[in-house]
Amino acid sequence: MINVLIVDDDAMVAELNRSYLSQVPGFNCYAMVPTLQQARNLLMQPDSEIDLVLLDIYMQQDDGLDLLPTIREFSEPTDVIIISSASDVYTIKKALHYGVVDYLIKPFQFSRFEQALTAYREEANLLKHREFVAQSDIDSLIRRTSGGVAGERKKLPKGLTSLTLRTICEWIEGNQGAEFSTEMLANAIGISRVSCRKYLIYLADTNILATNILYGSTGRPVYLYRLLPEKQDALRQYCE
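Residues numbered from 1 in each chain as written. Predicted model: local features only at pLDDT ≥ 70, side-chain atom pairs only at ≥ 80, totals over all residues. Heavy atoms only, no water.

A. Seen up close, the overall build of the protein. Scanning the protein from N- to C-terminus turns up 10 helices and 8 strands. For the protein, with 240 residues in total, the buried portion stands at 45%. Partitioning the contacts of the protein with sequence separation of at least 6, the portion at a separation of at least 24 is 62%. A total of about 12,900 Å² of accessible surface is found on the protein, and carbon and sulfur atoms cover 51% of it. (Helix = DSSP H or I, 4+ residues; strand = E, 2+ residues; numbered from the N terminus. Buried < 20%, exposed > 50% of the residue type's maximum accessible area, 1.4 Å probe, protein only. Contact = heavy atoms within 4.5 Å. Areas by Shrake-Rupley, 256 points an atom, 1.4 Å probe, with all protein chains shown as cover.)

Laid out in structure tokens, this is it:
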């Protein structure tokens, strides 16, 4: 579970962000605070368990950007997503300079919030399962694009990331053509079944995977997938 600190002095906005957060699996609202000093007190604790901060910039008493140096100095593993109406270039460049992982400009749709949190969760989970990463993984993490380096390969559908797709394809390649279910793959690489199924549908739609549907006694279908032998090279392009 990813622990999240919400920093916003508008109680209604903070509660809205907490409500949004509760709708994205894998996240826990650790605390909501209205001032930077309260945020600093939590972040500077030696046993702080905060993984991610949702941070506003325009606050009545504070400038949210002033919290970023504290995080970098006292809570280096903690990541930040900015949620603010600030859209000027100076503010955005300064936030990026301190390494924020995403920047949402108010007002925004829940789908954009969900996209930011889902991408963060999947990348955090995948890095836990890796000792080393390839250049393409670093490109995906830094640029946060859906298709890796520009021009490297076809752009992926919205909501899919090249890092997750790479991990899925590596697992499929190592499965030696045997059938597997969504649940089996999701458990093996540490992502949700819902997210995993999106990638498998993409690979099936591009004719890399064959799909077999089984109906059990409950009538609920079970989808089984296997790599088509003639599509090994097509799969391997996502592993590079």
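B. Summary view of the environment of Y98. Here Y98 shows up in the loop between α4 (89–97) and β5 (102–105). Sequence separation between Y98 and L68 is 30 residues, and the spatial gap between their C-alpha atoms is 6.5 Å. Discounting residues that sit within four places of it in the chain, Y98 has contacts with L68, P69 and R72.

C. Quick look at the sheet that holds strand β7 (residues 209–215). Across the sheet, which stays open at both edges, the 3 strands sit in the order β6-β8-β7 with antiparallel pairing between neighbours. If you trace the sheet from one side to the other, it starts and ends with β6 (180–181) and β7, each paired once. Note: β6 against strand β8 (residues 221–227), 2 bridges, orientation antiparallel. Counted as the bridge partner of S181 is L224 from β8. (Pairing = 2+ DSSP bridges.)

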